[in-house]
Amino acid sequence: MCGIVGYIGEQQAAPILLAGLSKLEYRGYDSAGICVRDESTGNVEVVKAKGRLRTLIEKTDDGHSVIGTSGIGHTRWATHGEPSENNAHPHCSDDKNVVLVHNGIIENFQELKEKLVKRGYTFYSETDTEVAVKLIDYYYKKTESPLTSIATAMLHIRGSYAFGVMFKDCPNKIFAARKDSPLIIGKSEHGTLIGSDVPAILDQTRNVYYIDNMEIAELTKDEIHFFNMDEDEIEKEVVQIKWDAEAAEKGGYEHFMLKEIHEQPRAVQDTIGAYVKDNAVDFSEIGLKDEELANIERVYIVGCGSAYHVAMAAKYVLEDMTQVPVEIDIASEFRYRNPILVKNSLVVIISQSGETADSLAALRLAKEKGVAVLGVVNVVGSSIARESDHTLYTYAGPEISVATTKAYSTQLIAMYLFAMRLAQVKGLLSEEDCAKMIAELNELPAKIQKILDDKERIQWFASKYANAKDMFFLGRGLDYAISLEGSLKMKEISYIHSEAYAAGELKHGTISLIEDNTLVVGVLTQSNLYEKTISNMVEVKSRGAYLMGLTTYGNYGIEDTADFSVYVPKTDPHFATSLAIIPLQLLGYYVSVAKGLDVDKPRNLAKSVTVE
Ligand code: F6R
């Protein structure tokens, strides 16, 4: 996600801010900016640049041309509005008094914006962040207290955020606040700092304070005070950071993949939050109108690799919920098979990068044939996002590890939401049932967290099977889609030959490959198919297979068949993929680690496949 650095002290701020931002480059970004105040003159300067941080560094002569000893800086990874200088942070109130940088997503920004517009505010950017700065400005004008204005704004904002804030009227201070987005406060010999991540301030200090949700920090050059929402001061203990610089970049995780696996509760929450308003799915912001949805008679979903696996899971969910026929295709097949696209249909292109050559070609083909395209894309402003008629952004944040995890999980959420809205428009899902599904969706982040908290069992099992030559993943229906993704995770990073089969298909040939101790993973989240898949597991067990069973809590009878069982929490069966995939991501990850492989950069693979 985006990065934040802040500094107030005795030294020139801009070089410290830029050095801190450069340590956050690994997180991915598309623009950057700083705001510095000259405490002697009260002058405040904002400098921004689109693209690489290098441009900002050159624009400011390594920061030397920006005079002042306090400031805030930001690297932006676009979520609301394209990557541009105008949308880059810091953002300012109209009178330039309040300046703010923000990480996270403000879910109710549209609603807040409308209220501010009624009070005479105008907006120059497409960002949710500008709404936050203007909301603080609004309360500041009423209360003349920086602390009260930040606290009041926080009570009105829904979503996740970490803020760095400065007030021109309030020299010698910077402020920080957070909810569900990381932020730390540091104390060095010559000043105090804020950082969205340890590497941002590690060059300056190892002494940090952790600011909790719904707390505000007030920093001067030699003091830090913390406050709760009632503006009562809170005492905090300083903590010594012991990480080396490389570990710090990965947030203390050994690999980006493990970090990204652990970011899934947040990524899923943000994606739900972006499209659920007042207990209903709302696509008005992306211009996907109910009248358009009502006319859809067929859906084609196209993607590559994991995105195609999302397409398969979505097919099961969509057909079951909406009764609309769904065809799915691998993009490189779709583009060359001259597909027959019926009238009143919609083509959905799923892509994390938004630049995958085959997926982009599939999009262009659909448009040539006169069919509307919905892009489900993670990277804002990417080709697929720009060329789609409508774009449902996923809010995974930048994904660095080549093997996708959090982007896949957010794509699933986007497709569930699409299915729910389509079902409602088609009159097949009542408001009440939709609200129940939303309640289930909202429980997914905590349930994913619960699976992550139990990861040691998978780690142990992975170390046992790290030397396997072949693996098979079996499932029916949605469990087949999960198996395909679990198998891909395994083969791409562990280099173990692995295949996923629709469980009933194995006996038509592939079962001859089962030998003594071949690992077979059975996925059984769908209660109507449970007995059928158990029978298939028994078939392979009697041919010597070693069985891992992956099912939901309560199905303890699986232990009569499986040699090793993994349970995930129960959810609405349509959403089971979101939970069952987590242990399989962990399994692939830990096998790769046990084999000592380069987890984040597996051989022969690229993060964004821009060639056919
Ligand atoms: C697998 C993986 C790939 C991508 C595929 C599509 O872990 O990451 O299979 O899913 O290359 O990429 P995007 O989603 O960028 O179009």
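Keep in mind it's a predicted model, so treat the numbers as computed, not measured.

Cut-offs used in this document
Residues numbered from 1 in each chain as written. Predicted model: local features only at pLDDT ≥ 70, side-chain atom pairs only at ≥ 80, totals over all residues. Heavy atoms only, no water. Helix = DSSP H or I, 4+ residues; strand = E, 2+ residues; numbered from the N terminus. Buried < 20%, exposed > 50% of the residue type's maximum accessible area, 1.4 Å probe, protein only. Polar contact = N/O pair within 3.5 Å; in protein donor to acceptor, adjacent residues only side chain to side chain. Contact = heavy atoms within 4.5 Å. Axes fitted to C-alpha atoms, helices over the stretch in contact; angles between N-to-C directions. Parallel < 35°, antiparallel > 145°, perpendicular 65-115°, else oblique. Left-handed = near helix turned anticlockwise from the far one by under 90°. Nonpolar A, V, L, I, M, F, W, Y, C, P; charged D, E, K, R; others polar. Disulfide = S-S within 2.5 Å. Near = heavy atom within 4 Å. Areas by Shrake-Rupley, 256 points an atom, 1.4 Å probe, with all protein chains shown as cover. Patch = residues over 30% accessible without salt bridge, like charges linked within 9 Å, V, L, I, M, F, W, Y side chains within 5 Å. Salt bridge = Lys/Arg side-chain N within 4 Å of Asp/Glu carboxyl O. Lys, Arg positive; Asp, Glu negative; His and termini not counted. Charge placed at Lys NZ, Arg CZ, Asp CG, Glu CD. Core = buried A, V, L, I, M, F, W, Y, C linked by side-chain atoms within 4.5 Å. Domains from an automatic or database assignment. Pairing = 2+ DSSP bridges. Phe/Tyr/Trp six-rings, centres within 6.5 Å; stacked < 30°, edge-to-face > 60°. Lys NZ or Arg CZ within 6 Å of the ring centre and 35° of its normal.

J.: When you look at the side chain of Thr129 in this model, what are you seeing that I'm missing?
T.: Secondary-structure assignment places Thr129 in helix H4 (residues 129–143). For Thr129, a relative accessible area of 1% corresponds to the buried category. Of the polar contacts made by the side chain of Thr129, one reaches the side chain of His89; its length is 3.3 Å. In contact with Thr129, not counting residues within four places along its chain, are His89, His91, Leu100 and His102.

J.: Explanation requested: the packing of helix H18 (residues 478–494) against helix H20 (residues 576–594) in the structure shown.
T.: Two numbers describe how H18 lies on H20: the axes approach to 9 Å, and their chain directions differ by 20 degrees. In terms of orientation, H18 and H20 fall into the roughly parallel class. When you trace H18 past H20, the crossing you get is right-handed. Contact residues: H18 offers Leu478, Ile482, Glu485, Gly486, Lys489, Met490, Ile493 and Ser494, while H20 offers Ala576, Thr577, Ala580, Ile581, Leu584, Gln585, Leu587, Gly588, Tyr589, Val591 and Ser592. Residue classes in the contact of H18 with H20 are distributed as eleven nonpolar, six polar and two charged.

J.: Would you explain the state of the cysteines in this entry?
T.: As enumerated under the stated definition, the model contains zero disulfides in all. Residue Cys2 stays outside any disulfide, its sulfur separated by 17 Å from that of Cys92, the closest cysteine. Using a relative accessible area of 6% as the deciding quantity, one classes Cys2 as buried.

J.: Any chance you could explain the site of the ligand here in plain terms?
T.: Taken together, the neighbourhood of the ligand is formed by 14 residues, with Ser351, Gln352, Ser353, Thr356 and Glu492 sitting nearest. Contacts to the ligand include Gln352, whose backbone N or O atom sits 2.6 Å from an oxygen atom. Residue Thr356 places a side-chain N or O atom 2.5 Å away from an oxygen atom belonging to the ligand. Burial of the ligand by the protein chains amounts to 89% of its free accessible area of 410 Å². If you list the elements that add at least two residues to the shell around the ligand, you get helix H11 (305–322) and H18. The residue makeup of the shell around the ligand, split by class, is five nonpolar, seven polar and two charged.

J.: Sorry if this is basic, but what is going on with a positive patch on the surface here?
T.: Together, Lys115, Lys118, Arg119 and Lys142 make up a positively charged patch on the protein surface. Structurally, Lys118 can be placed in helix H3 (residues 109–118).

J.: Any chance you could explain the nonpolar core here in plain terms?
T.: Nonpolar side chains tend toward joint burial in soluble globular proteins. Membership of the largest hydrophobic core comes to 117 residues, with the highest contact counts inside it found for Ile301, Met415, Phe418 and Met420. For this core, the element with the highest residue contribution is helix H15 (residues 406–425), accounting for twelve residues. Both domains that meet at this core, namely domain 2 (252–453) and domain 3 (454–596), each give it at least three residues. When residues no more than four places from it in sequence are discounted, the contact partners of Met415 are Ile301, Val310, Ala314, Leu318, Val348, Ile350 and Val376. Residues Tyr121, Val133, Tyr161 and Met229 belong to the second largest nonpolar core, which totals 32 residues.

J.: What is the right way to look at the sheet that holds strand E6 (residues 98–106) in this model?
T.: In any sheet, the strands associate via hydrogen bonds between backbone groups, in a parallel or an antiparallel arrangement. Here seven strands make up an open sheet; going across it, the order is E5-E6-E7-E8-E12-E13-E14 and the pairing antiparallel. Looking at strand neighbours, the two that pair on one side only are strand E5 (91–92) and strand E14 (233–234), the edges of this open sheet. Pairing of strand E12 (residues 215–219) with strand E13 (residues 224–227), which is carried by four bridges, proceeds in the antiparallel orientation. In the sheet register, Ile216 faces E13, and the bridge partner there is Phe227. Across the sheet, H4 lies against E5, E6 and strand E7 (159–167), angled at about 130 degrees from E6, the strand it touches most.

J.: Which parts of the structure should I look at to understand the packing of helix H9 (residues 264–275) against H15?
T.: Between two packed helices, what matters for the description is the angle formed by their axes and the separation of those axes. The geometry of H9 relative to H15 is characterised by a closest axis approach of 9 Å and an angle of 30 degrees between their N-to-C directions. Here H9 is positioned roughly parallel relative to H15, judged by the angle of their axes. As H9 runs across H15, the sense of the crossing is right-handed. Together, Gln264, Arg266, Ala267, Val268, Thr271, Ile272 and Tyr275 of H9 and Lys406, Ser409, Thr410, Ile413, Ala414 and Leu417 of H15 make up the contact between the two elements. Partitioned by chemical class, the residues of the contact of H9 with H15 number seven nonpolar, four polar and two charged.

J.: What should I look at first to understand the domain arrangement of the protein in this one?
T.: By a frequent convention, interface size equals the accessible area lost on bringing the separate parts together. By the assigned domains, the protein splits into domain 1 (3–241), domain 2 (252–453) and domain 3 (454–596). Placing a centre on the C-alpha atoms of domain 1 and another on those of domain 3 gives a separation of 46 Å.

J.: Could you clarify how one ought to interpret the packing of aromatic side chains in this entry?
T.: What describes a pair of aromatic rings is the distance from one ring centre to the other and the angle between the planes of the rings. Scanning all chains against the criterion turns up 18 aromatic pairs. The interplanar angle of 70 degrees and the centroid separation of 5.0 Å between the aromatic rings of Tyr589 and Tyr590 together place this pair among those described as edge-to-face. Per residue, the accessibility class of Tyr589 equals that of Tyr590, and both read buried. Aromatic ring contacts, followed pair by pair, group Trp460, Phe461, Tyr465, Tyr546 and Phe564 into a single cluster. Above the face of the Phe123 ring, Lys134 is positioned so that its terminal group lies 5.1 Å from the ring centre.

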